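# Survey of secondary and tertiary structure
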Amino acid sequence: MAMTIREVNKKPAPYKLASRANHLEPTIVTVAQHKIGDGSVTVMAGPCSVESRDQIIEIARQLKDAGAHLLRGGAFKPRSSPYSFQGLGETGLKFLAEAREVTGLPVVSEVMEIEHLPMACEYIDMVQIGARNMQNYPLLKAVGRTTKPVLLKRGLSATIEEWLMSAEYILSEGNPNVVLCERGIRTFETATRNTLDLNAVPVVKHLSHLPIIVDPSHGTGVARYVTAMSMAAVACGADGLILEAHNTPESALSDGDQSITPGEFESLMRHINVLEESCAQLREGVLNG
Ligand code: PEP
Ligand code: MN
């Protein structure tokens, strides 16, 4: 059922630009030619880290053939340990751009430092702000001063309001191209890496006009749970998914445990396509609040 202005205005939000109260129409963010938030399910997929030129080009081809719309791959990695693989840096972004040349898939990658932003924008189509940087306000302002689409991940312990306030930082600098990403939050549960808060999907749809996608890879931390939670995300109205995929997850340089293989990705896409068709009306209801 569509919302009325009176309904959304019940509680004035501190995030004026991100709020649905002042912007009833859902925002569509265009990355290269691809539209996110137009009612369809956008699927971004790729390895946690770009590891080599061959690795990223090979998997990009496979993911594209299986129906991915965007290619992901980290070149600047926010690792818990300074001794873990930190990413290939600019070289990784070059490989990612090559994979785009080969497949035509637009690319998304994380930027952690303001100084890297102009260089990274030369190679990538969408800038990812990682969970650990959701409250890095200078970085948010810096991406807000660009026109690049931004994928803003939810902080590990951030409330939905704090997350929308972070989106507000980007919007208030003049960049309207923000896509939110639910990637799981810290809870007492240890069976999974994080607790994927799918409540965030209908809540964000109610409170904001911005598109929201879901990351079941970081949300669960376990490859075997990724398909189930991808389906749940689509059923509850998410505008898309971002998935980690690797040809040999057991030897991945980061996040192998939660990475699915291209074969598993292909079967996941078949499930998603069936689901997307069968629950189109339900999804539209969520989209319209
Ligand atoms: C990632 O996408 O590989 C990543 C580090 O994600 P997050 O910031 O959500 O942990
Ligand atoms: Mn990862």
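See the structure above.
Read on for an overview of the structure.

The rules behind each value
Residues numbered from 1 in each chain as written. Chains lettered and ligands numbered in written order. Predicted model: local features only at pLDDT ≥ 70, side-chain atom pairs only at ≥ 80, totals over all residues. Heavy atoms only, no water. Near = heavy atom within 4 Å. Polar contact = N/O pair within 3.5 Å; in protein donor to acceptor, adjacent residues only side chain to side chain. Nonpolar A, V, L, I, M, F, W, Y, C, P; charged D, E, K, R; others polar. Donors = N, O, S within 2.8 Å, 3.2 Å for Na, K, Ca; no water. Helix = DSSP H or I, 4+ residues; strand = E, 2+ residues; numbered from the N terminus. Buried < 20%, exposed > 50% of the residue type's maximum accessible area, 1.4 Å probe, protein only. Pairing = 2+ DSSP bridges.

## A look at the site of ligand 1
Around ligand 1, 13 residues are found, and the nearest of them are Arg72, Lys77, Ala131, Lys153 and Arg183. In this structure, an oxygen atom belonging to ligand 1 sits 2.9 Å away from a side-chain N or O atom of Arg132. Residue Glu244 places a side-chain N or O atom 3.2 Å away from an oxygen atom belonging to ligand 1. Partitioned by chemical class, the residues of the shell around ligand 1 number 3 nonpolar, 3 polar and 7 charged.

## A look at the coordination of the manganese ion (ligand 2)
Looking at the metal site, the manganese ion (ligand 2) is ligated by Cys48 (SG), His218 (NE2), Glu244 (OE) and Asp255 (OD), spaced 2.1 to 2.4 Å from it. The sequence pattern describing where the donors of the manganese ion (ligand 2) fall on their chain is C-x169-H-x25-E-x10-D. Of this pair, Glu244 sits in strand E10 (residues 240-244) while Asp255 is found in the loop between E10 and helix H10 (262-278), placing the two residues 11 residues apart along the sequence.

## Brief notes about the pairing of strand E3 (residues 42-46)
Burial within E3 is extensive, with 5 of its 5 residues counted as buried. Relative to E10, E3 runs parallel, the two sharing 5 bridges. Bridged to Gly46 within E10 is Glu244. The pairing of E3 with strand E4 (residues 70-72) spans 2 bridges and is parallel.

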